[in-house]
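# Commentary on secondary and tertiary structure
This is what each chain is made of:
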Amino acid sequence: MERTLSIIKPDAVAKNCIGKIIDRFETAGLKVVGARMMHLSRAEAEGFYAVHKERPFFKDLVDFMVSGPVLVQVLEGDNAIAKNRELMGATDPKKAAPGTIRADFADSIDANAVHGSDSAENAASEIAFFFPSNWIFSR
Ligand code: UDP
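Model, not experiment: these values are computed from the prediction. (Residues numbered from 1 in each chain as written. Predicted model: local features only at pLDDT ≥ 70, side-chain atom pairs only at ≥ 80, totals over all residues. Heavy atoms only, no water.)

### A closer look at the environment of alanine 106
Mapped onto the elements of the fold, alanine 106 is located in the loop between α6 (101-105) and β4 (114-116). What makes alanine 106 buried here is its relative accessible area of 14%. Apart from the residues within four sequence positions on either side, alanine 106 is in contact with Asp11, Lys15, Pro93, Ile101, Ala111, Asn112 and Ala113. (Helix = DSSP H or I, 4+ residues; strand = E, 2+ residues; numbered from the N terminus. Buried < 20%, exposed > 50% of the residue type's maximum accessible area, 1.4 Å probe, protein only. Contact = heavy atoms within 4.5 Å.)

### Examining the site of the ligand
In the region of the ligand, the neighbouring residues are Lys9, His52, Phe57, Leu61, Arg85, Thr91, Arg102, Ile109, Asp110 and Asn112. In this structure, histidine 52 approaches the ligand through a side-chain N or O atom, which is 3.2 Å from an oxygen atom. Here arginine 102 contributes a side-chain N or O atom positioned 3.0 Å from an oxygen atom of the ligand. Protein contacts shield 81% of the accessible area of the ligand, which totals 500 Å² for the unbound molecule. The pocket occupied by the ligand, as judged from atoms lying within 2 Å of grid points, is the largest pocket. Grouping the amino acids of the shell around the ligand by side-chain chemistry returns 3 nonpolar, 3 polar and 4 charged. (Near = heavy atom within 4 Å. Polar contact = N/O pair within 3.5 Å; in protein donor to acceptor, adjacent residues only side chain to side chain. Areas by Shrake-Rupley, 256 points an atom, 1.4 Å probe, with all protein chains shown as cover. 1 Å grid on protein atoms, 1.4 Å probe; cavity = no way out; pocket = protein on both sides within 12 Å on 5 of 7 lines; lining within 4 Å. Sits in = over half its atoms within 2 Å of the grid points. Nonpolar A, V, L, I, M, F, W, Y, C, P; charged D, E, K, R; others polar.)

Next up, the structure:
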């Protein structure tokens, strides 16, 4: 059993796709064990994406992540990290496999619908960034 952090990003929330995306997770056997709808502050977005702070797209990424509300979730299940990454598809929706969340709901490499942790270490730190342990309801 593993946990991962998912964010349904401002573009997908604005397009009213929250339910369709959660359905992909649940259909694949992942359970939502924590959820927070938030409008991130600039400090929160910068802190969450601190690993990318030297990258050329950092400012645009932060601007985008604070542009509207997001749904932050903890997903739990067997191989949750890899399974979520598979469901998400490639970072660039043009390169994402058909049937993946990004292929179906994302518009561009920056407005790409979802975030998902990419390693066990990052999943643990990203979950801790948003969720005190008593906000997670394992079932
Ligand atoms: N990103 C971007 N331009 C790029 C690469 C990444 O705007 O050229 C954004 C995009 O929103 C992406 C996020 O930065 O989801 C984090 O990048 P990463 O390479 O970690 O991709 P991910 O793990 O989200 O697929």
